[in-house]
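Okay, here's what each chain looks like letter by letter:
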Amino acid sequence: MAGDGFAVDRWLAARDWSAFPFQQEAWQAIAEGRSGMLHATTGAGKTYAVWLGMLEALLRTHPPGRAAEPLRAIWLTPMRALAADTAKALSAPLRDLAPSWTLGLRTGDTPAAERARQDRRMPTVLVTTPESLTLMLTRERSRDELTGVEYVVVDEWHELIGSKRGVQAQLALARLRRFNGRLVTWGLSATMGNLEEAMHVLCGPDETPAPKLVRGKIDKTLVIDTLIPPDPGKYSWAGHLGARMQQPVVEEIEKSGTTLVFTNVRSQAEIWYQLLLEARPEWAGHIALHHGSLDKATREWVENGLKEGTLRAVVATSSLDLGVDFLPVERVLQVGSAKGIARMMQRAGRSGHAPGRPSRLTLVPTNTLELIDGAAARHAIRQGIIERRDAPRKPLDVLVQHIVTLALGGGFHEDALYEEVKGAWSYRELTRAEFDWAMAFCERGGESLTAYPEYRRIVRDDGGLWRVADPGIARRHRLGIGTIVSDAAMQVKWLTGGKLGTIEEGFIARLRKGDCFFFAGRLLEFVRVQEMAAYVRKATKKKGTVPTWQGAKMAFTSEMSEAILEMLQVAAEGEYDEPELKAARAMLQTQARLSKIPTPTTLLVETYKSREGQHLYIYPFAGRNVHLGLASLMAWRLAKLSPNTFSLSINDYGFELIGAAPFDVEPVASQAIFGTDGLMQDVLDSLNSSELAQRRFREIARVSGLISTGYPGQPKSARQLQASSALFYEVFRKYDKGNLLLTQADNEVLSQELEISRLAETLRSMQRKTVDFAPLRHPSPMSLPLMVERFRETLTTEQLSQRLDRILKDMERDTGG
């Protein structure tokens with residue numbers, strides 16, 4: 001487009017801006033009517049690369065007049081916080097080139113008055129979320145309102161593709177393509193390994209003309225380094241170095257500009273915010289806390305402070321991972337391993353968020369092993385290694401929800417809908433039998449709920465269209481739309497009025513009046529629960545607990561695990577050139593002296609005897625999810641050979657088995673126990689698989705609309721939701737064994753919680769490797785963290801400290817230091 005005198009070129013020239021080659025490539029593809037995906041580093045200019053091309057095409061086919069154009073473009077964002085920034089970026093050229101055209105936001109935070117205005121007349125450009133777009137599809141006039149949509153952009157596609165929210169977006173796009181066969185769809189992504197496949201997931205399996213993959217090739221300096229602890233030591237365990245890094249982190253913040261301090265979980269963010277204030281009380285009001293459980297007004301205040309550069313530092317979780325544009329941010333500190341290469345790159349990109357500015361992430365290790373993680377991630381990034389993101393395979397709970405959505409939104413003919421749904425990547429292999437089952441489930445609740453009118457959600461009208469006839473069912477469905485499922489949360493409110501945020505109901509249920517806890521950066525005293533809200537006041541005590549949230553612990557990705565083993569190979573060969581390896585040298589040399597150092601070609605197996613029993617340590621480096629399945633599987637197989645009772649402990653590096661009675665380790669040393677024959681059944685038998693499946697079914701029941709979370713102002717408690725889903729689970733197990741939602745629950749346990757395909761590949765890898773067998777006289781630096789994981793379940797902090805002191809003194813005395 002450049003140089004041809006188009007409106008967008010003139011707009012750029014007026015600002016003395018020039019387009020990058022990748023932006024021009026995207027504009028050309030859009031001008032040709034092609035869908036596609038743009039992959040570029042954070043801050044490279046992806047938004048304008050797609051938006052200006054679409055705006056130019058719209059200006060050509062719809063010359064601006066006095067009246068606003070109807071809805072022509074939809075911009076999907078995974079985060080409500082991202083929507084406002086996106087709207088601001090899109091509005092600048094729109095305001096100058098088509099002043100009569102309008103732009104609007106539609107998210108869960110949009111005021112009712114604004115939604116009502118949009119209902120009367122949609123804006124020309126709409127920035128929204130997958131959930132809000134799906135809600136629009138429930139409107140009776142959805143076809144009339146959305147047929148004119150010509151362009152859809154899905155921002156941060158790498159964040160959506162692997163989740164049911166991504167599937168929800170796929171189904172919505174399939175419906176929009178049905179309305180307009182010439183719909184052009186583009187995805188924006190900064191960090192993804194399987195780009196071609198991700199593009200086809202977005203654009204559909206049969207998109208014509210063929211979609212275009214554009215790679216933004218901009219030289220952007222990415223710096224990954226590590227804040228080296230003053231004395232990492234020979235032994236370490238989870239959290240061992242955490243508080244010791246307080247002063248180094250404070251010093252880094254003092255000598256930097258605006259800094260983001262990322263943690264992996266919300267409880268850790270609360271702790272680090274307090275650590276910073278403890279070290280620098282004068283920073284109160286100049287540093288802030290940001291995570292998804294805080295009240296919206298608090299989050300917005302923090303985000304504005306970052307944009308304006310008025311905050312010295314913000315402690316945050318993944319709530320600030322995505323592409324909100326914080327230009328003043330100079331440094332990113334990552335507390336603890338980021339667990340994945342893509343996540344580390346994504347967080348690094350929060351700094352230097354503009355073309356030409358370097359991005360820098362500094363790892364703050366919380367134990368000595370995490371030093372190696374930093375060096376490993378840096379080397380993997382240099383080699384271009386990055387994780388792939390796979391879309392879920394035909395989740396029927398999302399399909400059931402979608403069927404009711406479209407029945408509300410003007411109705412459908414089932415044959416046409418089957419073909420439409422197969423146009424979504426995740427359902428491209430959906431059989432007609434599976435689709436018919438989903439239809440029957442929506443029509444009458446399957447085989448076991450036919451007697452209950454509330455589960456007859458869709459009916460066929462005289463014209464052959466499937467519709468929702470019951471207004472109560474329609475209301476409940478609209479309130480329950482979405483695939484984000486979390487434990488029931490309670491509002492946390494001041495006694496004097498005002499909201500602080502939400503905490504999971506399970507944590508609040510354990511509190512007694514007068515108990516103190518840290519939340520939203522404050523020490524609060526619990527007063528009472530009233531109408532699903534926890535009322536608090538400012539605490540006068542000095543100590544309190546920190547809330548925990550479910551699903552908190554992330555696991556290593558395969559790529560991260562392999563990168564760490566490669567780095568350990570370097571250490572095993574006696575090379576300690578990397579600064580992180582130099583810092584970890586004492587620990588690694590102690591590991592080599594007492595045991596062996598794991599490498600990509602060896603499988604380290606350690607044995608140890610103590611008063612607790614016989615210990616077996618295996619280090620596959622496959623991440624905690626896989627290790628949970630592996631530990632249970634190994635214990636079950638060993639117990640089949642010789643009856644025994646085992647205790648388990650896991651982390652991202654390996655797992656520990658403790659036998660109450662002595663057991664033969666020869667099946668491990670010979671690798672005979674690592675076979676994959678009958679793996680699926682062995683895994684299910686080795687775990688309480690029905691309990692795991694029932695927990696997973698609770699989420700499926702909510703997404704599919706079997707159970708409702710309640711009405712505004714009348715939410716259901718976690719106990720009510722659990723009881724309802726458990727009842728359905730048992731009824732289906734007894735009276736509807738062919739219910740495909742039960743099958744989905746089993747499959748999700750295997751594929752997501754236990755990562756069965758990765759578990760199988762790990763077993764095959766363990767068979768290929770040479771077993772390094774190491775009997776221990778004392779715990780090794782790699783086995784001690786697994787011991788500590790187990791000790792924490794039964795010992796107080798003081799008891800744990802005493803136990804560790806005794807173990808370390810015994811080792812030092814016996815080995816001569």
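Cut-offs used in this document
Residues numbered from 1 in each chain as written. Predicted model: local features only at pLDDT ≥ 70, side-chain atom pairs only at ≥ 80, totals over all residues. Heavy atoms only, no water. Helix = DSSP H or I, 4+ residues; strand = E, 2+ residues; numbered from the N terminus. Rg over C-alpha atoms; globule rule 2.2 N^0.38 Å. Buried < 20%, exposed > 50% of the residue type's maximum accessible area, 1.4 Å probe, protein only. Areas by Shrake-Rupley, 256 points an atom, 1.4 Å probe, with all protein chains shown as cover. Lys, Arg positive; Asp, Glu negative; His and termini not counted. Charge placed at Lys NZ, Arg CZ, Asp CG, Glu CD. Pairing = 2+ DSSP bridges. Axes fitted to C-alpha atoms, helices over the stretch in contact; angles between N-to-C directions. Left-handed = near helix turned anticlockwise from the far one by under 90°. Contact = heavy atoms within 4.5 Å. Nonpolar A, V, L, I, M, F, W, Y, C, P; charged D, E, K, R; others polar. Expected span 1.5 Å × (residues − 1). Phe/Tyr/Trp six-rings, centres within 6.5 Å; stacked < 30°, edge-to-face > 60°. Lys NZ or Arg CZ within 6 Å of the ring centre and 35° of its normal. Core = buried A, V, L, I, M, F, W, Y, C linked by side-chain atoms within 4.5 Å. pLDDT = per-residue confidence, 0-100. Polar contact = N/O pair within 3.5 Å; in protein donor to acceptor, adjacent residues only side chain to side chain.

Draft legend 1. Layout of the overall build of the protein. Secondary structure summary: the protein contains 32 helices and 27 strands in total. Computed over its C-alpha atoms, the radius of gyration of the protein comes to 28 Å, within 12% of the 28 Å expected for a compact globule of 817 residues. Principal-axis analysis of the C-alpha atoms gives the protein an extent of 85 × 70 × 60 Å. Scored against the burial criterion, the 817 residues of the protein give a buried share of 59%. For the protein, the exposed area adds up to about 33,900 Å²; of that, 49% sits on carbon and sulfur atoms. Averaging the coordinates of the 103 positive side-chain charges in the protein and doing the same for the 98 negative ones gives two points 4 Å apart.

Draft legend 2. Region of the structure containing the sheet that holds strand β16 (residues 489–494). Taken together, five strands build an open sheet; the order of strands is β17-β16-β20-β19-β18 and the sheet is mixed. Every other strand in the sheet has two partners, leaving β17 (499–504) and β18 (516–519) as the edge strands with one partner each. Strand-to-strand, the axes of this sheet are offset by a mean angle of 45°, without reference to chain direction. Summarising the sheet, β16 and β17 pair through five bridges and their orientation is antiparallel. Looking at the pairing, V492 lines up with G501 of β17.

Draft legend 3. View of the packing of helix α2 (residues 21–31) against helix α3 (residues 46–61). At a closest axis distance of 8 Å, the pairing of α2 and α3 adopts a crossing angle of 35°. Judged by the twist between their axes, the crossing of α2 over α3 is right-handed. Counted together, F22, Q23, A26, W27, I30 and A31 of α2 and Y48, A49, V50, L52, G53, M54 and R60 of α3 form the full contact between these two elements. Considering only residue class, the contact of α2 with α3 consists of 10 nonpolar, two polar and one charged.

Draft legend 4. Spotlight on helix α24 (residues 624–641). The terminal C-alpha atoms of α24, which comprises 18 residues, lie 26 Å apart, in line with the 26 Å expected from a rise of 1.5 Å per residue. The elements touched by buried residues of α24 are β22 (613–619), β23 (646–650), β24 (655–659), α26 (679–686) and α30 (756–768).

Draft legend 5. Region of the structure containing the sheet that holds strand β12 (residues 329–335). Ordered by their spatial adjacency, six strands build an open sheet running β8-β13-β12-β9-β11-β10, and the pairing between neighbours is parallel. Both outer strands of the open sheet, β8 (222–226) and β10 (287–290), are each paired with one neighbouring strand and no more. Neighbour to neighbour, the strand axes of the sheet diverge by 20° on average, direction disregarded. Relative to β12, helix α11 (residues 246–254) is tilted by about 170°, and along the sheet it contacts β9 (258–262), β11 (313–316), β12 and β13 (359–364). Each of β10, β11 and β12 is contacted by helix α12 (residues 266–279), which is oriented at about 170° to β10, the strand it contacts most.

Draft legend 6. The arrangement of the packing of aromatic side chains in detail. Summed over all chains, the structure comprises 15 aromatic pairs. Here the aromatic rings of F507 and F517 are separated by 5.7 Å at their centres, their planes lie at 75°, and the arrangement is edge-to-face. Placement of F507 in helix α20 (residues 505–509) and of F517 in strand β18 is noted, with a sequence separation of 10 residues between them. Here a set of aromatic residues connected by ring pairs shows up, and it is made of W437, F441, Y455, F697, F728, Y729 and F732. Sitting over the ring of F556, K339 keeps its end group 5.2 Å from the ring centre. Here the guanidinium or amino end of R428 rests over the ring plane of W425, the centre of that ring lying 4.0 Å away.

Draft legend 7. How the structure looks around the nonpolar core. The biggest cluster of nonpolar side chains holds 110 residues, and the ones touching the most others in it are W157, I403, F697 and L706. Looking at this core, the element that brings in the most residues is helix α16 (residues 396–408), giving nine residues. In this structure, F697 is in contact with L706, S725, F728, Y729, F732, L741, L742 and A745, ignoring residues within four places of it in sequence. Core analysis: the second largest hydrophobic core is formed by 62 residues, A288, A571, Y608 and V788 among them.

Draft legend 8. Structural detail: the confidence of the model for the protein. Confidence in the prediction for the protein averages 88 pLDDT; 94% of positions are at 70 or higher. Contacts for the low-pLDDT stretch residues 1–5, under 50 throughout, to residues beyond four places or in other chains number 10 contacts.

Draft legend 9. Spatial organisation of the environment of T557. Note that T557 resides in the loop between β20 (533–538) and α21 (558–572). Note: C-alpha distance between T557 and P781 (224 residues apart in sequence) is 22 Å. Those residues within four positions of T557 in sequence are excluded, and the remaining contacts are K339, G340, I341, E387 and R758. Side-chain polar atoms of T557 contact the side chain of E387, separated by 2.6 Å.

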